[in-house]
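Take a look at the letters that make up each chain.
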Amino acid sequence: MSTSDLYSASRPTVSFELYPPRTPKGEAQVWETVQRLAPVADYFSVTYGASGTTAERSEALVSRILTQTSVPVIAHLTCVGRSRSQLRGVVEAFLDLGVRDFLALRGDPPAGESEWTPAPDGFARASDLVALIREVETERFGAPPRDPVERLAAHRAGRGRVSIAVAAYPGYATPDGGFRVRQDELAALRAKQDAGADFAITQLFFDPGAYDALLAAARGAGIVLPLVPGVMPLTDPARIRRLCDMNTIPHPGELLGELAACGSPEVAERVGMEVTGAMVRRVLRRGAPGLHLYTFNQHAGVLRLLDGVLQA
Ligand SMILES: Cc1cc2nc3c(=O)[nH]c(=O)nc-3n(C[C@H](O)[C@H](O)[C@H](O)COP(=O)(O)OP(=O)(O)OC[C@H]3O[C@@H](n4cnc5c(N)ncnc54)[C@H](O)[C@@H]3O)c2cc1C
């Protein structure tokens, strides 16, 4: 299976996000994670940082997974700090490595800056990067089908076709207990679909209602892309807080309170797994086409989560 199976699989796909390690110890850890997860992975994805060395580490991990496993890998790519022609070079280099799956992102503003400023002659939006990847693909392999379902069928048939994922953002909690999807994020998702994206992976969320809200708003806005929920085991309060801060997501107060009341990391682990398992089962019942699991380069938690979901 690969990303193309999102439109055709008889079961939800399972994918795992990894980040490029910084140290030899981290390298050993990520590789053990890859080996433990490969038997159940439909595909991996590898995050991408702005700086030159981070980018090199991402490319090295992508390349190692491609050459030493049989699992396809999505290369994340951001517009940060690169001109159009530099981004074109990065896309071409990934294609040369054998990558056929991308996650096209704008990227975050550098630390300390709240406004996004494109690099000189760079892109302001992820949709521009989607269009660039399609342009490079067309030059190499001919024009892809316009219809996303046909496009992914060609990708599955191994005709050198490229799949492009993009980011999507679940609804934000409102004071009345509902969820509201931001109109600019919805417009951005529509623009990414129109530029040639094949599917979307969501930002983390803590309540299945946030995914439901995105699904309903997207379909209402003519967005037909499969929306793969991005999920992590919600067991570690410190990590949850850190990720919320990094991604400017409001802290999930109720969940953090519940975990704090557990009294020990062991009980918090069990309770957090139960909460995450219930959330995953609910989004799958709503028709989520796959699960994208944020691993933080550790296999045990995501495997326990999958076990719990399958056994329930
Ligand atoms: C699954 C996933 C993986 C990620 N991986 C990485 C990674 O590897 N490396 C990394 O640096 N970051 C990563 N990110 C974070 C991402 O780069 C940031 O969230 C970034 O701030 C926005 O990127 P985007 O691709 O959603 O941007 P865009 O889709 O370009 O949207 C950015 C903003 O621009 C505006 N906008 C864009 N298009 C329109 C439009 N047509 N109309 C109106 N407004 C518009 C909106 O305000 C929108 O919120 C990831 C995020 C997710 C969800």
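- The name that an unreviewed UniProt entry assigns to the protein chain is Methylenetetrahydrofolate reductase, with the source organism given as Serinibacter salmoneus.
- UniProt, in its Pathway (unreviewed entry) section for the protein chain, records the words "One-carbon metabolism; tetrahydrofolate interconversion."
- Entered under Cofactor (unreviewed entry) in the UniProt record, the comment concerning the protein chain runs "FAD".

**Section: the pairing of strand β5 (residues 163-168)**
- Within β5, six of the six residues are buried, which leaves it mostly tucked inside the rest of the structure.
- What you see with β5 is no split at all: Ser-163, Ala-165 and Ala-167 on one side and Ile-164, Val-166 and Ala-168 on the other are buried throughout.
- Relative to β5, strand β4 (residues 101-105) is paired through four bridges, and the arrangement is parallel. If you follow Leu-103 over to β5, its bridge partner there is Ala-165.
- Bridging between β5 and strand β8 (residues 199-202) involves four bridges; their strand directions are parallel.

**Considering the site of the ligand**
- Every one of the 23 residues lining the ligand counts as a neighbour, but Asp-108, Ala-126, Tyr-169, Asp-184 and Lys-192 are closest to it.
- Asp-108 places a side-chain nitrogen or oxygen 2.6 Å from an oxygen atom of the ligand.
- Here a nitrogen atom of the ligand and a side-chain polar atom of Arg-125 are 3.4 Å apart.
- Its free accessible area being 980 Å², the ligand has 81% of it covered by the protein chains.
- Looking at the shell around the ligand, the elements with two or more residues in it are β3 (73-78), β4 and α6 (183-195).
- Per-element accounting of the shell around the ligand gives the leading share, six residues, to α6.
- Considering only residue class, the shell around the ligand consists of eleven nonpolar, five polar and seven charged.

**Describing the packing of aromatic side chains**
- Following the criterion strictly, the structure yields five aromatic pairs and no others.
- Geometrically, the ring pair formed by Phe-94 and Phe-102 is edge-to-face, given 6.1 Å between the ring centres and 75° between the ring planes. Accessibility classification places Phe-94 together with Phe-102 in one group, the buried group.
- Of the aromatic side chains, those joined through ring pairs into one cluster are Tyr-48, Phe-94 and Phe-102.

**Here we look at helix α5 (residues 148-156)**
- When we look at burial in α5, the residues that qualify are Pro-148, Arg-151, Leu-152, Ala-154 and His-155. For α5, the angular spread of buried residues about the axis comes to 155°, placing them on one side.
- Count one or two residues on from α5 and you reach Gly-158, which has phi positive near 70°.

Conventions used here
Residues numbered from 1 in each chain as written. Predicted model: local features only at pLDDT ≥ 70, side-chain atom pairs only at ≥ 80, totals over all residues. Heavy atoms only, no water. UniProt positions renumbered as here; feature names shortened; annotations may be inferred. Buried < 20%, exposed > 50% of the residue type's maximum accessible area, 1.4 Å probe, protein only. Helix = DSSP H or I, 4+ residues; strand = E, 2+ residues; numbered from the N terminus. Pairing = 2+ DSSP bridges. Near = heavy atom within 4 Å. Polar contact = N/O pair within 3.5 Å; in protein donor to acceptor, adjacent residues only side chain to side chain. Areas by Shrake-Rupley, 256 points an atom, 1.4 Å probe, with all protein chains shown as cover. Nonpolar A, V, L, I, M, F, W, Y, C, P; charged D, E, K, R; others polar. Phe/Tyr/Trp six-rings, centres within 6.5 Å; stacked < 30°, edge-to-face > 60°. Arc of directions from axis to C-beta.

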